[in-house]
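# Chain and residue survey
Listed below are the residues making up each chain.
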There are 2 protein chains.
Amino acid sequence: MGAMDKKVNEKSKTRPGRVRRTSNLENESRRKILDVASKLFRDKGYAATTLRQIGDAAGMQAGSVYYHFDSKEDMISEILDLGITYVHDEVKRRIEEMGKDASMRSYVETAVEGHLYGLLSHGDFVSANIRNYGQLPLELRERNRPIRQAYVTCWDKLLKRAQDAGDIRSDMDIKVLRLFIIGSLNWTVEWHDAEKGTIDDLASQIKMVLFEGVGTNGKK
Amino acid sequence: MGAMDKKVNEKSKTRPGRVRRTSNLENESRRKILDVASKLFRDKGYAATTLRQIGDAAGMQAGSVYYHFDSKEDMISEILDLGITYVHDEVKRRIEEMGKDASMRSYVETAVEGHLYGLLSHGDFVSANIRNYGQLPLELRERNRPIRQAYVTCWDKLLKRAQDAGDIRSDMDIKVLRLFIIGSLNWTVEWHDAEKGTIDDLASQIKMVLFEGVGTNGKK
DNA sequence: GTCTATAGATAGATAGAC
DNA sequence: GTCTATCTATCTATAGAC
């Protein structure tokens, strides 16, 4: 094949013992391939990563990878989906654990923590998504879109409720705010160094800037 | 060649009428190539963009591009440098125009405006840099590093002075703040739609969030 | 389930005509 | 300064042995 803007692989082979389009995370080799591929996609990009490199890193030959995946496109597609799912699940779980009577502001703060935690500690699935999504062919972006959209909607609902409750200033456009928050959190994958600071420290600095701003207004 | 992590092109041909490693922006074809290539690199990524696509978009054959550039790597290298230079110049120019007696906060605000303006209206050089830099081979990142570093230093100096002057809260780490600001500004290339809002509007919303925060503290 | 071997397509780059 | 033609390397993917 070669160039990635050519028409997409149409075939849909059925191989023994495989379930298609379901992430058999129990399968060890398959999981290993996803792990090393997401790291390579994150570090070098989808197009620059070869199946030989993926095979090498997974401890097998390039051809063997095709026992587990029908195509390179199917691999990135699954990685894109897993990335968003990790973050979304992390955010949902943390918010549900808070119960019903927390303040809207604290829900938003928890969502920030959850996003950051999912992003920076759940392997390379999330960052592979962030770094590659915008440059992938339309067909691949569209496959990932429903899962992305669900996550975006989760944030928009949360921010809207916080604004209605008076915890977010009313002259702020929610869509711009959501893009701003997720954007500034996502950018941390470009520079956060786990050796130099914990995720919790980073989260509290970002929450502070987000709600209080960096200005002093003559106070300090 | 093919894979981009192979060793870098060593040759240094000299062709008539060419100045090497200097951006002859007067040269029309050369400029056209840089324009279309930066757009392709931005949209599809460096590795996924072929010289045939660049040639097509520039109205010439792939082979002809090599009259103007020695390699694909030299092209992206020049584009990376031009991208940072655009933004840095825009920021410097705006700050210099303000004169000496403005407040430190207003200098920072002007820097935000300049960065955003350079980013969103100066062609695709800046966004090609933002989207590709982190995934390029080390050798290419190192070539671009001095120019990046100069820009980063410019921000760090500015933020430090603003903090010393009492315009930025003292418990804020300047390096984290700089990464946060540039990160959230850079992320706008992923979503800002010039049709739906002016850069000035976007800049004022971001300045507001940055200095005042989105919280209400019971006020509104 | 992984291997070897290879098919077929396409990449970056070069040579020489014009 | 651009074209055509082409070299060589490498890519994704497949086939069949084990």
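Residues numbered from 1 in each chain as written. Chains lettered and ligands numbered in written order. Predicted model: local features only at pLDDT ≥ 70, side-chain atom pairs only at ≥ 80, totals over all residues. Heavy atoms only, no water.

We now examine the environment of B:Asp35. Residue and element names in this part refer to chain B. For Asp35, the position within the fold is in helix H1 (residues 28–44). Exposure remark for Asp35: the relative accessible area of 33% places this residue in the partly exposed category. Taking the C-alpha atoms as reference points, Asp35 and Ile79, 44 residues apart in sequence, are found 8.9 Å from one another. (Helix = DSSP H or I, 4+ residues; strand = E, 2+ residues; numbered from the N terminus. Buried < 20%, exposed > 50% of the residue type's maximum accessible area, 1.4 Å probe, protein only.)

The two copies are related by a screw operation: chain A maps onto chain B through 180° of rotation and 0.0 Å of translation along the axis, at an RMSD of 0.0 Å. What the superposition gives is, in effect, a two-fold axis relating one chain to the other. The C-alpha atom lying nearest the rotation axis in chain A is that of A:Gly213; the distance is 1.9 Å. (Least-squares fit on C-alpha atoms with pLDDT ≥ 70 in both.)

Before going further, it helps to examine the confidence of the model for chain A. Looking at chain A as a whole, the pLDDT averages 90, with 87% of positions reaching at least 70. Long-range and interchain partners of residues 1–22 of chain A, a stretch whose pLDDT sits below 50, account for 36 contacts in this model, where long-range means more than four residues apart. (pLDDT = per-residue confidence, 0-100. Contact = heavy atoms within 4.5 Å.)

With that settled, the discussion passes to the environment of A:Arg148. Residue and element names in this part refer to chain A. Tracing the backbone shows Arg148 in helix H7 (residues 138–164). Looking at Arg148, the relative accessible area reads 24%, which means it is partly exposed. For the pair Arg148 and Leu80, spaced 68 residues apart in the sequence, the C-alpha separation amounts to 9.2 Å. Excluding residues that lie within four positions of it along the chain, Arg148 makes contacts with Ile84, Asn129 and Tyr133. Polar side-chain contacts of Arg148 include one of 2.7 Å to the side chain of Asn129. (Polar contact = N/O pair within 3.5 Å; in protein donor to acceptor, adjacent residues only side chain to side chain.)

Let us now look at the pattern of salt bridges. The final tally for this structure, using the stated rule, is 33 salt bridges over all chains. The salt bridge partner of A:Lys207 is A:Glu113, with a shortest N-O separation of 2.5 Å. Of this pair, A:Lys207 sits in helix H9 (residues 199–212) while A:Glu113 sits in helix H5 (residues 104–121), and the two are 94 residues apart along the sequence. B:Arg93 is the partner of B:Glu90 in a salt bridge, and the nearest nitrogen-oxygen pair spans 2.8 Å. Residue B:Glu90 and its partner B:Arg93 are located together in helix H4 (residues 72–97), separated by three residues, close to a single helical turn. Overall, the relative accessible area of 39% leaves B:Arg93 in the partly exposed class. What emerges from the salt-bridge pattern is a single network uniting A:Glu90, A:Arg93, A:Arg94 and A:Glu97. (Salt bridge = Lys/Arg side-chain N within 4 Å of Asp/Glu carboxyl O.)

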